[in-house]
Amino acid sequence: MGIIEIRGLNKFFGSFHALKDIDLTIREGEVFGLLGLNGAGKTTLIRILMGLLNPSSGSVRVFGIDPSTNPLPIRKRASLLPQECQAYENLTAMENILYYGLMQSEAPKEELIERANYLIDLIGLKGRENQLTKKFSGGMKRKVLVARSVVGNPDLLFLDEPTTGIDVLGARKVRNLIQKLSRNEKKTIILTTHDLTEINLLCDRVGILVDGELKAIGTPDELEGQFQAANIEDIFSSLVEGRIGGDEE
Amino acid sequence: MRRQLTTLIVQELKQAMRNKSLVFMFIVFPLFMWGLQGGVQFLAVSNTSSEGETFYVINRDLGNSTVNLGELLVKELDAMTRINASIIYGSVINTTLQVDSFSQAVSLVKEKGISPLLYIPENFTTVYDNFTDTESSVVPAVTLLSRPDDNALFVNDLSTALQIVLSSSPFTKVTYHKVTSFKLERIVFEGEGEESFFLLGLIAFIATLIAVQAPASYISAAFSGEREKHTLEALLALPMRRIDILLGKVIAAFILTLVFAVSNIFGMVVFSKLVRADLSPYQMFVVTLVLVITSFVATGLGISITSFAKDSKTANTVYQFVMLIPTIFVGFSAIFGTVPDKLTWVYLIPWMHTIAVLQKILFPQILSNSTLTGNIILDIVFHLVYLFLFVMVSFIVAARLFARESILKS
Ligand SMILES: Nc1ncnc2c1ncn2[C@@H]1O[C@H](COP(=O)(O)OP(=O)(O)OP(=O)(O)O)[C@@H](O)[C@H]1O
Ligand SMILES: [Mg+2]
């Protein structure tokens, strides 16, 4: 049994078919990358897994629980870092992190403070934890948000485009942090990205979403074998171009 | 659950206190509004009220062997009408009238409309001379009679001028105690308290305006603001029911309203000093209470609106439209009269009920003949129940809207 089980999932927004017959199992401890163009349905899928959107049909289980009917126990063990998410700018880094911890976890406050301090150290913000986040750079803010999402010690992390919109250096630091969380803390991580090198660096397995359809799932190696391609980029382009029927572009 | 709720509330308050425009709306704005209104009134009073106004004096004081204090009083007043900086500068004293008794003076005022009229009794000097500082009760020495259709501001000034004269030489030559107890009596005939009724109407208007405006800033920060600043989705993804998130924010709004109420009390004190009206602590308490209720109702309505609107700009525009127009409408009816005594469509506006509560608590005698139910207490209960239901409905609507999928941006 996987930590996430998705069977025959469909999602409609009105008449728009956003997710089409998705079947997917995520195993405990893996880093799973969701790849897809804008509008492919990545965010929608993650929102359904967190119980923020309801599926139109099909079955979804996270930790064996249906998020559409009983999201709260899932949210105690799973964190979401939404796409374009921001920190509260009138709160300090410490306050942002602790806020989430106190809300998500039932651990005593002292324990959470200790863990927040550990995380602040980990993201390299020691000494600046009591500054308001509005004074931080994009990369620093993002690291605060990633730290925030793990302060309550969840088993599962959804990171929706964690490195989009920040500079190269910031992105690299966030990637390192994700790596540490996976290696040192054995978190199961599902992340979406437009960055193919990120997939290669971080992900154990990849799923490629094209127009709401999960066209391919596997480890980068498996996929390269399956599609007889040299790298993920080629696979991705051929799947996506297949969609637009061989047109130039 | 308890910890989540307190954490949320504390966080909301912390952020609000660090948000300059919010602090402005909740603390500075009320002080400013009251001060501004008071200042305008103050200028109006000092510029226009006394010029060319006439008042009557009947001095029946017999004096004693050495002095006639009544005459002295009239002389001092007369001098004040000539001093440029005095508050009754430019007014005219008419001392030609004669009466044989106080009741004759009263009928002059009531039936002939001769007012304002200052009546100085025969024993004015004697009473003053025999006055001992062991006497604890107030001695009514002179009486200022006026009618509701007199220029209220002028009468106010006249009364102040009299108090000034009575608290300066030679009236102060004895003891402090004597001065404070030796008071002017003031009687307004017909529709007692009309003048303060007008003032309270004005206060109700300002209070409503502030109470309706203040929560808007918090609400737009706490709801549309979360969406626009991209903090909402992570909040909704926490293991807390949406209705509890809403509740936390409403409680935070309520706490801010209390902070705001305190600031208003200060504002009111300044206001009453500026317009030289003595608001009693009871009146201020009632105004504050109604203010808090108004603010809370506005919060409920505001939350529904912001949950509807797609961004805070739209929310603000809609809010202003929904709130301000009825507020101004209601405000004018508060200043220029009493709330309707029939159930008309205007009672759909919640502020009509808050003002009704205010008027009915403060002036039960005046309004006892114009109640909705025939009983003033029952009326007040009715208005409060309406407001309560209104808030409940707003919250239910807000909770519904808050639970929609489309609250998340795509
Ligand atoms: N609440 C909604 N109502 C209507 N349509 C929606 C809604 N949310 C998403 N969609 C549509 O569903 C499709 C998938 O959107 P989604 O946000 O999941 O894509 P994505 O893969 O995350 O894209 P991006 O890379 O731009 O983040 C898009 O066409 C989007 O317009
Ligand atoms: Mg997305």
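To be clear, the structure that these remarks concern was listed above.
Residues numbered from 1 in each chain as written. Chains lettered and ligands numbered in written order. Predicted model: local features only at pLDDT ≥ 70, side-chain atom pairs only at ≥ 80, totals over all residues. Heavy atoms only, no water.

Draft legend 1. Broad picture of the coordination of the magnesium ion (ligand 2). All names here are of chain A. Within the protein, T43 (OG1) and Q83 (OE1) serve as the donor atoms for the magnesium ion (ligand 2), at 1.9 to 2.1 Å. Within this pair, whereas T43 is found in helix α1 (residues 42–49), its partner Q83 is found in the loop between β5 (78–81) and α3 (93–104), the two being separated by 40 residues in sequence. With a relative accessible area of 18%, T43 lands in the buried category. (Donors = N, O, S within 2.8 Å, 3.2 Å for Na, K, Ca; no water. Helix = DSSP H or I, 4+ residues; strand = E, 2+ residues; numbered from the N terminus. Buried < 20%, exposed > 50% of the residue type's maximum accessible area, 1.4 Å probe, protein only.)

Draft legend 2. Representation of the pairing of strand β7 (residues 188–193) of chain A in the model. All names here are of chain A. Within β7, six of the six residues are buried, leaving the element largely enclosed by the surrounding structure. Of the two faces of β7, the one holding T188, I190 and T192 and the one holding I189, L191 and T193 are both buried throughout. Sheet topology places strand β3 (residues 31–36) next to β7; five bridges connect them, and they run parallel. Across the sheet, the residue bridging to G33 is L191, located in β7. The sheet contact formed by strand β6 (residues 156–160) and β7 spans five bridges and is parallel. Bridge pairing in β7 links L159 to L191. For the crossover from β6 across helix α6 (residues 168–185) to β7, the handedness is right-handed. (Pairing = 2+ DSSP bridges. Right-handed = clockwise from strand over helix to strand, strands pointing away.)

Draft legend 3. Broad picture of the interface of chain B and chain A. Facing the 27 residues of chain B at the interface are 35 residues of chain A. Surface buried jointly by chain B and chain A totals about 2800 Å² across both partners, of which 56% is contributed by carbon and sulfur atoms. It is R3, P239 and E405 of chain B in chain B that bury the most area against chain A; as a group they hold 23% of the surface buried on that side. Joining chain B to chain A, the criterion identifies five salt bridges. (Contact = heavy atoms within 4.5 Å. Buried area = accessible area lost by both parts, 1.4 Å probe. Salt bridge = Lys/Arg side-chain N within 4 Å of Asp/Glu carboxyl O.)

Draft legend 4. Layout of the state of the cysteines. Summed over all chains, the structure comprises zero disulfides over all chains. The thiol of C203 of chain A is not disulfide-bonded; the next cysteine sulfur, from C85 of chain A, is found 20 Å away. (Disulfide = S-S within 2.5 Å.)

Draft legend 5. Seen up close, the environment of L246 of chain B. Residue and element names in this part refer to chain B. Mapped onto the fold, L246 is located in helix α11 (residues 242–274). Residues L246 and L5, spaced 241 residues apart in sequence, show a C-alpha to C-alpha distance of 9.9 Å. When neighbours within four sequence positions are excluded, L246 is seen to be in contact with F223, I303, F395, A398, A399 and F402.

Draft legend 6. Representation of the packing of aromatic side chains. All told, the structure shown has eight aromatic pairs over all chains when counted by the stated rule. Look at F254 of chain B and F296 of chain B: their rings are 4.9 Å apart centre to centre, the planes differ by 75°, and that puts the pair in the edge-to-face class. Placement of F254 of chain B in helix α11 and of F296 of chain B in helix α12 (residues 281–308) is noted, with a sequence separation of 42 residues between them. A relative accessible area of 32% means that F254 of chain B is categorised as partly exposed. Feature note: the residues F254, F296 and F395 of chain B constitute an aromatic cluster, connected by ring pairs. The lysine or arginine in question, R77 of chain A, covers the ring of F63 of chain A, its NZ or CZ lying 3.8 Å from the ring centre. We note K249 of chain B situated over the ring of F223 of chain B; from NZ or CZ to the ring centre the distance is 5.4 Å. (Phe/Tyr/Trp six-rings, centres within 6.5 Å; stacked < 30°, edge-to-face > 60°. Lys NZ or Arg CZ within 6 Å of the ring centre and 35° of its normal.)

Honestly, that's just the spatial picture; any functional story needs more than this.
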